[in-house]
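# A structural walkthrough
Each chain, letter by letter, is given below.
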Amino acid sequence: MRFPVNHDLHCHTGLSFCSNDPEMTPEYILRHAEEAGYDVQCITDHFWSEMIPGANEFYGGQGLAHVSQSLPLPESDKVRFLFGCETEYCGEGKLGIAPEHYDQFSFIIIPPNHFHMEGFTRSPSCDTKEKVAELFTRRLEELCELDLPWKKVGIAHLTCGLVWMKGGYPEVFERMDPERLKPVFRKFAQLGAGIELNADCFLPGWREQEDAHLKLYRIARDEGCKFYCGSDAHHPANLDIAETMREVADALELTDKERYIVP
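Here the focus is the sheet that holds strand β3 (residues 80–86). With respect to topology, seven strands assemble into an open sheet ordered β1-β2-β3-β6-β7-β8-β9, the strand pairing being parallel. Single-partner strands in this sheet number two, and they are β1 (7–8) and β9 (226–230). The sheet contact formed by β3 and strand β6 (residues 107–110) spans three bridges and is parallel. Of the residues in β6, the one forming a bridge with Glu86 is Ile109.

Once that is clear, we can look at the side chain of His101. With respect to the helices and strands, His101 occurs in the loop between β5 (94–95) and β6. If near-sequence neighbours (up to four positions away) are discounted, His101 is found in contact with Phe47, Ser49, Glu50, Met51 and Leu64.

Burial of β6 is two-sided: the residues Phe107 and Ile109 facing one way and the residues Ile108 and Ile110 facing the other way are all buried. Summarising the sheet, β6 and strand β7 (residues 153–155) pair through three bridges and their orientation is parallel. Among the inter-strand pairings, Ile108 is bridged to a residue of β7, identified as Val153.

Attention now goes to helix α5 (residues 178–191). For α5, spanning 14 residues, the distance from its first C-alpha to its last is 20 Å, which sits close to the expected 20 Å at 1.5 Å a residue. Of the positions making up α5, those classed as buried are Leu181, Val184, Phe185 and Phe188. Along the long axis of α5, the arc covered by the buried residues comes to 95°, so they all point the same way. In this structure, α5 carries Glu179 and Gln190 as exposed residues pointing more than 90 degrees from its buried face. Each element contacted by the buried residues of α5 is listed here: α3 (129–143), β7, β8 (194–198) and α6 (210–222). Measuring from the backbone nitrogen of Glu179 back to the side-chain oxygen at the start of α5 gives 2.9 Å, which picks out Asp177 as the cap. Positive phi shows up at Gly192, right after α5, with a value of about 90°.

Its location among the elements puts Asp232 in the loop between β9 and α7 (242–251). Despite its burial, Asp232 pairs with no opposite charge; the closest candidate is Arg139, at 17 Å N-O. Discounting chain neighbours no more than four positions away, the residues touching Asp232 are His10, His12, His157, Asn198 and Asp200.

Further remarks concern the packing of aromatic side chains. Applying the stated criterion across every chain yields a total of 17 aromatic pairs. Between Trp48 and Phe120, the aromatic rings sit 5.5 Å apart at their centres with planes inclined by 50°, giving tilted as the arrangement. Placement of the pair is Trp48 in the loop between β2 (40–46) and α2 (64–67) and Phe120 in the loop between β6 and α3, with a sequence separation of 72 residues. Trp48 gets classed as buried once you look at its relative accessible area, which sits at 3%.

Quick look at the environment of Phe202 now. Along the chain, Phe202 turns up in the loop between β8 and α6. Along the primary structure Phe202 and Glu50 are separated by 152 residues, whereas in three dimensions their C-alpha atoms are 33 Å apart. With residues near it in sequence (within four places) discarded, Phe202 still touches Thr159, His213, Leu214, Tyr217, Thr244 and Val248.

Next up on the list: the state of the cysteines. Tallied over the entire structure, the rule returns zero disulfides. Its sulfur unpaired, Cys126 is 14 Å from the next cysteine sulfur, which belongs to Cys90. The class of Cys126 is buried, set by a relative accessible area of 10%.

The rules behind the values
Residues numbered from 1 in each chain as written. Predicted model: local features only at pLDDT ≥ 70, side-chain atom pairs only at ≥ 80, totals over all residues. Heavy atoms only, no water. Pairing = 2+ DSSP bridges. Helix = DSSP H or I, 4+ residues; strand = E, 2+ residues; numbered from the N terminus. Contact = heavy atoms within 4.5 Å. Buried < 20%, exposed > 50% of the residue type's maximum accessible area, 1.4 Å probe, protein only. Expected span 1.5 Å × (residues − 1). Arc of directions from axis to C-beta. Polar contact = N/O pair within 3.5 Å; in protein donor to acceptor, adjacent residues only side chain to side chain. Lys, Arg positive; Asp, Glu negative; His and termini not counted. Salt bridge = Lys/Arg side-chain N within 4 Å of Asp/Glu carboxyl O. Phe/Tyr/Trp six-rings, centres within 6.5 Å; stacked < 30°, edge-to-face > 60°. Disulfide = S-S within 2.5 Å.

See below:
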């Protein structure tokens, strides 16, 4: 059977500073999920544990008390509605969620490539596509070695344009060595992590560089990973992702057996 495009495990309420949209309430998001026929919806506001020092200006203030303002979540007899978070990995073991907070969330997503945060996730000296490709590969290698509750962890937006904002960012993926990526994704598969298909990573025209856009996902698929859909929506207009996700899932030849499900 075809991969089911009936869920959204990456979505922001107005509590995320990068959203700040009063319309993006849990009630609105759940209502959209019901109308779209989803079986699972998760909110994943940006989060940095107060117990972890070194948050940057963006993440400071987005701690547990802040993101927990969405609780209790509204309930539905149609949609499993989950409370998750999007935290940050800065390299060398620095992760924005403390072990004491793992149980506060049903799902935790981690972006390995928020490289627009210069001086926080990327050194200013990492300033070429070759260097960024190496950094991205190393971050993935480091990430899969962390001690995390992996069965409820997702690797967010592998092909996000924030990896390189000076133009031609798919060339970063082309420069990444498949022989280093294969054991990484094999480890993610063994750990039980989910790999995100993020609608915002597949903007109109992505087919013109299809091999670059799909490279990492194809390796992940071949190494046994499971996948989930994420809108990464910050505003209501970004919630409708079915058409984009169907195109991507079909291009990857995914089936229902490759779907990741939050435990």
